[in-house]
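Spelled out from the first residue to the last, the chains are:
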Amino acid sequence: MSVTERPVADGLAKDDDYSALKVVPVRHPWRWAAVVATAVLVAQFAHGLATNSGWEWEVFAEFFTADVILKAVWVTLQLTFYGTAVGFALGIVLAFMRLSASPFLKAVAFAYIWAFRSIPLIVQLLFWFNLAYLYKELQFGIPFGPGFFSFDTMGLVGAMSAAVLGLALHQAAYAAEIVRAGVLAVDSGQLEAAAALGIPRLRQIRRIVLPQAMRSILPNAANEIISLFKGTSIVSVMAIGELFYQVQVIYGRNGRVVPLLMVATAWYVLLTTALSVLQHYVERHFSKGASR
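Residues numbered from 1 in each chain as written. Predicted model: local features only at pLDDT ≥ 70, side-chain atom pairs only at ≥ 80, totals over all residues. Heavy atoms only, no water.

(A) Region of the structure containing the overall build of the chain. Along the backbone of the chain there are twelve helices and two strands. Written out in order from the N terminus, the α and β elements of the chain read α-α-α-α-α-α-β-β-α-α-α-α-α-α. Going through the 292 residues of the chain one by one, you find that 29% of them count as buried. Put simply, 69% of the contacts in the chain that link residues at least 6 apart link residues at least 24 apart. A total of about 19,000 Å² of accessible surface is found on the chain, and carbon and sulfur atoms cover 66% of it. (Helix = DSSP H or I, 4+ residues; strand = E, 2+ residues; numbered from the N terminus. Buried < 20%, exposed > 50% of the residue type's maximum accessible area, 1.4 Å probe, protein only. Contact = heavy atoms within 4.5 Å. Areas by Shrake-Rupley, 256 points an atom, 1.4 Å probe, with all protein chains shown as cover.)

Okay, here's the thing in structure tokens:
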């Protein structure tokens, strides 16, 4: 046999014609077993939802769009909106304080974030709700000097105001770290180039840093907003008529605990889904030019 000749093996021709080979797909028996087991569990769960009378779907349908529930959903959305708006506005300020060259501003921002992340939210809410116990009135004037005018704390900080204040201040501590991380993710060389071109500092932040930082900020910020939306249920301890509180009031009267809890669950799922869809479109807007 010459050096250039090769033996023919397993049905192959000398010119390596692979068309004669039989292609056998890779088999994954354990994957299919997992799929079957999961499908059975899902089918059993769905069957239980449909046939178990304990869910009381007729009670669920009766209260899902009841006026009292819709008003409670609106209160929940208000708490989420105001808590998010004020919290992220303050969080942006705290983030840039931490990024400041001033040691004093850094220390103040760090202390705020440390304190509000350490204290449980329910404690903060109850503290602001009982602010009138510590301060009967708030005076505005010369620091450590005479006051020009004052406000009655009892009338100024009601239950709703205390809830928004507590949620916003708590949210600001987390928002500050999210914004700071997003800003730090932007290449510092771009700021150096912008400074070399004579672009003002404020314009650098507005036109160069923030548009790029938003790509890192948005996913974490959206998670925080969704967590805040669900976390508004904790203000029920202050007897504010948000969704979970109203559900508790209703099932406390009629004893239909499970279907009323499902009413709250369905509304939380629907609104969280809407927030997730909004997050998708906002992220897609800020990701323009990032991928091709």
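Past the structure itself, the notes keep going.
(B) Main features of the nonpolar core. If you look at the biggest cluster of nonpolar residues, it comprises 25 residues, and the most contacted ones within it are Leu 79, Leu 94, Tyr 112, Leu 167, Val 235 and Met 238. Taken together, the elements giving at least two residues each to this core come down to helix H3 (67–98), helix H4 (103–118), helix H5 (121–129) and helix H8 (159–184). With eight residues, the top contributor of residues to this core is H8. Not counting the four nearest positions on each side in its chain, Val 235 is found in contact with Leu 79, Leu 125, Ala 163, Leu 167, Ile 240 and Glu 242. One finds Phe 60, Phe 64, Val 73 and Leu 243 within the second-largest nonpolar core, a separate group that totals 19 residues. (Core = buried A, V, L, I, M, F, W, Y, C linked by side-chain atoms within 4.5 Å.)

(C) Representation of the pattern of salt bridges. Using the criterion set out here, one finds three salt bridges in the structure. Notably, a salt bridge pairs Arg 98 with Glu 177, separated by 3.1 Å at the nearest N-O pair. With Arg 98 in helix H3 and Glu 177 in helix H8, this residue pair connects regions lying 79 residues apart in the sequence. Several salt bridges share partner residues, and in doing so they unite Arg 98, Glu 177 and Arg 180 into one network. (Salt bridge = Lys/Arg side-chain N within 4 Å of Asp/Glu carboxyl O.)

(D) Summary view of the packing of helix H10 (residues 201–231) against helix H12 (residues 257–286). Running from N to C, H10 and H12 point in directions that differ by 175 degrees, and their axes come no closer than 10 Å. It follows that H10 is roughly antiparallel to H12 by the angle criterion. Contact residues: Pro 211, Met 214, Arg 215, Leu 218, Pro 219, Ala 222, Ile 226, Phe 229 and Lys 230 in H10; Tyr 268, Leu 271, Thr 272, Leu 275, Ser 276, Gln 279, Val 282, Glu 283 and Phe 286 in H12. Here the contact of H10 with H12 is built from residues that sort into twelve nonpolar, three polar and three charged. (Axes fitted to C-alpha atoms, helices over the stretch in contact; angles between N-to-C directions. Parallel < 35°, antiparallel > 145°, perpendicular 65-115°, else oblique. Nonpolar A, V, L, I, M, F, W, Y, C, P; charged D, E, K, R; others polar.)

(E) Expanded view of helix H11 (residues 243–254). Taking 1.5 Å of rise per residue, twelve residues should cover 16 Å, and H11 covers 17 Å from first to last C-alpha, within 8% of that figure. Residues of H11 that are buried: Leu 243, Gln 246, Val 247 and Ile 250. Projection of H11 onto a plane perpendicular to its axis shows the buried side chains occupying an angular sector of 100 degrees, all on one side. The inward-facing, buried residues of H11 abut helix H2 (57–64), H3 and H12. Where H11 starts, the residue carrying a side-chain oxygen 3.0 Å from the main-chain nitrogen of Phe 244 turns out to be Glu 242. Immediately downstream of H11, the backbone of Gly 255 shows phi near 75 degrees, a positive value. (Expected span 1.5 Å × (residues − 1). Arc of directions from axis to C-beta. Polar contact = N/O pair within 3.5 Å; in protein donor to acceptor, adjacent residues only side chain to side chain.)

(F) Molecular detail of unusual backbone geometry. Backbone geometry at Glu 56 places phi at a positive 50 degrees, although glycine is not the residue there. One non-glycine residue, Ala 239, lies in positive phi territory at about 60 degrees. Looking at where Ala 239 falls in the secondary structure, it is placed in the loop between H10 and H11. With relative accessibility at 49%, the residue Ala 239 sits in the partly exposed group.

(G) H5, seen in detail. Those residues of H5 lying buried are Leu 121, Gln 124, Leu 125 and Trp 128. Each buried residue of H5 lies within a common arc of 100 degrees when the element is viewed along its axis, so the set occupies one face. Looking at the buried side of H5, the elements it contacts are H4, helix H6 (131–134) and H8.

(H) A look at the packing of H5 against H8. Orientation of H5 relative to H8, taken along the N-to-C sense of each, is 140 degrees, at an axis distance of 8 Å. Classified by the angle their axes make, H5 and H8 are oblique. Relative to H8, the crossing made by H5 is right-handed. On H8, the residues touching Leu 121, Gln 124, Leu 125, Trp 128 and Phe 129 of H5 are Ala 159, Ala 162, Ala 163, Leu 165, Gly 166, Leu 167, Leu 169 and His 170. (Left-handed = near helix turned anticlockwise from the far one by under 90°.)

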